[in-house]
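If you want the building blocks of each chain, they are given just below.
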Amino acid sequence: MQFLNSKKRTFSTSRSMERRRKQHAVRFLVVLCVLLLVISGLGWISWRPEINISRITVLGNTTVSEEDIRSYLEERLSGGYARVFSRANVFLFQPKVIEEELRGTFKKIEQVEVSRDSLQSIVVDVSERKPFYLWCTTEAKKEAEQPCYFLDINGYVFAPAPYFSGSVYFEFYKPFVGGNENPIGTYFLPESEFKRLIAFRNSLREINIEPKSLSVLDSGDYSFLLSGGTEVFFNSKQDFDLLFHNLVATFDTEQFARKRKQGLPLKYIDLRFDNKVYYRFK
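Cut-offs used in this document
- Residues numbered from 1 in each chain as written.
- Predicted model: local features only at pLDDT ≥ 70, side-chain atom pairs only at ≥ 80, totals over all residues.
- Heavy atoms only, no water.
- 1 Å grid on protein atoms, 1.4 Å probe; cavity = no way out; pocket = protein on both sides within 12 Å on 5 of 7 lines; lining within 4 Å.
- Points joined across faces, edges and corners; volume = space filled by probe spheres on them.
- Helix = DSSP H or I, 4+ residues; strand = E, 2+ residues; numbered from the N terminus.
- Nonpolar A, V, L, I, M, F, W, Y, C, P; charged D, E, K, R; others polar.
- Buried < 20%, exposed > 50% of the residue type's maximum accessible area, 1.4 Å probe, protein only.
- Pairing = 2+ DSSP bridges.
- Axes fitted to C-alpha atoms, helices over the stretch in contact; angles between N-to-C directions.
- Parallel < 35°, antiparallel > 145°, perpendicular 65-115°, else oblique.
- Left-handed = near helix turned anticlockwise from the far one by under 90°.
- Contact = heavy atoms within 4.5 Å.
- Phe/Tyr/Trp six-rings, centres within 6.5 Å; stacked < 30°, edge-to-face > 60°.
- Lys NZ or Arg CZ within 6 Å of the ring centre and 35° of its normal.

The subject of this paragraph is the layout of surface pockets. If you add up the space inside the largest pocket, you get close to 330 Å³. What lines the largest pocket is a set of 17 residues, among which Asn 208, Ile 209, Leu 226, Phe 251 and Arg 260 lie closest to the centre. Listing elements by their share of the lining of the largest pocket, those giving two or more residues are helix H5 (240-251) and strand S13 (266-273). In the lining of the largest pocket, the residues fall into 10 nonpolar, four polar and three charged.

What follows deals with the pairing of strand S8 (residues 157-161). Of all five residues in S8, four are buried; the element is thus mostly enclosed. Two strands pair when backbone bridges link them, and strand S7 (residues 148-151) and S8 are joined in this way by four bridges, in the antiparallel orientation. Across the sheet, Cys 148 pairs through a bridge with Ala 161, a residue of S8. Adjacent in sequence and paired antiparallel, S7 and S8 are bridged by five residues, among which Gly 155 carries a positive phi angle near 85°.

Where helix H4 (residues 191-206) meets H5, the axes come as close as 10 Å, and the angle between the chain directions of the two elements is 20°. Classified by the angle their axes make, H4 and H5 are roughly parallel. H5 is crossed by H4, and the crossing has right-handed handedness. Facing Glu 193, Arg 196, Leu 197, Phe 200, Ser 203 and Leu 204 of H4, the residues of H5 in contact are Phe 240, Leu 243, Phe 244 and Leu 247. Within the contact of H4 with H5, the residues separate by chemical class into seven nonpolar, one polar and two charged.

A few words on empty space enclosed by the protein. Per the counting criterion, the structure on display carries one cavity of 30 Å³ or more. Computed from the structure, the largest cavity encloses a volume of approximately 30 Å³. Lining of the largest cavity is provided by Arg 76, Leu 77, Tyr 81, Arg 87, Phe 93, Gln 94 and Ile 98.

Turning next to the packing of helix H2 (residues 66-76) against helix H3 (residues 95-105). Axis angle and axis distance: for two packed helices, these are the angle between their axes and the distance between the axes, and together they describe the pair. Where H2 contacts H3, the axes come no closer than 12 Å and their chain directions differ by 130°. On the basis of their axis angle, the class for H2 and H3 is oblique. Crossing of H2 against H3: the hand is right-handed. Residue-level contacts link Ile 69, Tyr 72, Leu 73 and Arg 76 of H2 to Val 97, Ile 98, Glu 101, Leu 102 and Thr 105 of H3. When grouped by side-chain class, the residues that make up the contact of H2 with H3 number six nonpolar, one polar and two charged.

So, on to the sheet that holds S8. The nine strands lie next to each other as S8-S7-S6-S9-S10-S11-S12-S13-S14, forming an open sheet whose pairing is mixed. Taken across any chain shown, the strands that pair with only one partner, and hence form the sheet edges, are S8 and strand S14 (276-281). The sheet shows a mean angle of 25° between the axes of neighbouring strands, taken without regard to direction. Sheet analysis places strand S6 (residues 133-136) next to S7, joined by four bridges and oriented antiparallel.

One pass over the full model with this rule turns up 26 aromatic pairs. Ring geometry for Phe 172 and Phe 188: centres 4.9 Å apart, planes at 55°, overall tilted. Of this pair, Phe 172 sits in strand S9 (residues 170-173) while Phe 188 is found in the loop between S9 and H4, placing the two residues 16 residues apart along the sequence. Aromatic side chains Phe 188 and Phe 194 sit 6.3 Å apart centroid to centroid with 70° between the ring planes, which places their arrangement in the edge-to-face category. Given the relative accessible area of 1%, Phe 188 is considered buried. A residue is classified by how much of its surface remains accessible, and Phe 194, at 0% relative accessible area, is buried. Three or more aromatic residues link up through ring pairs in this structure, and these residues are Phe 132, Tyr 133, Trp 135, Phe 170, Phe 172, Phe 188, Phe 194, Phe 200, Tyr 222, Phe 224, Phe 234 and Phe 240. The positively charged end of Lys 174 is found above the aromatic ring belonging to Phe 188, 4.7 Å away from the centroid. Against the face of Phe 170 rests Arg 201, its NZ or CZ located 4.9 Å from the ring centre.

This is how it looks when you write it as structure tokens:
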């Protein structure tokens, strides 16, 4: 009798577990169906034209094509996420992501702000990089076929430069890294080093020494070419403030001043040796 009762309890437990499994499966299917219906409904709503971006206004651009920006955004906003939710839906639109993508795609853009103007329109406010300097591979840039590129105030390369017959911009000369023929999107030098060079150049200008170009030489050496044809050699590892004071001290010496008064052209000044300045007149 005890054995039969045990079998009945086991059978009853098995049927109860089976019933619970079926109930869980039904609940899961119901929840899944409801979830699919909700997603489908939200997906359908997301494509409603009343809340989809259809107008793009571009402001502040001068050299970056408005048509190119608009075409990029239209392509970016076409289609849907997982083919369910519209990419152009104003509530799913992500301005910060778009801003980062625009800066990465259009190198001339320095800053950009994307904002919703209404439920159907956005405004793209662009601030473009301004050219301050030129980067060419060699001084052969005087020939029209020599490629040169614009640098912004931080030494960032953002666009090809047209041929200039004169010295319109301060010029930097250095081969493109790794033979790369398109340096757009890179920096001429690390930003801190670039700013250090510009500060040194500005210091020279304050004492009426006018550099017109800078060449990056081998072994970390630099060379300023002055407006009169004089070359000034120095090294990237040196203290530029100390170099400036050494240079001023040299100009104040009687021997140097006498030769300058004689009208002798100065061929070069070499600052690459510690606390010593070597120079040569032609």
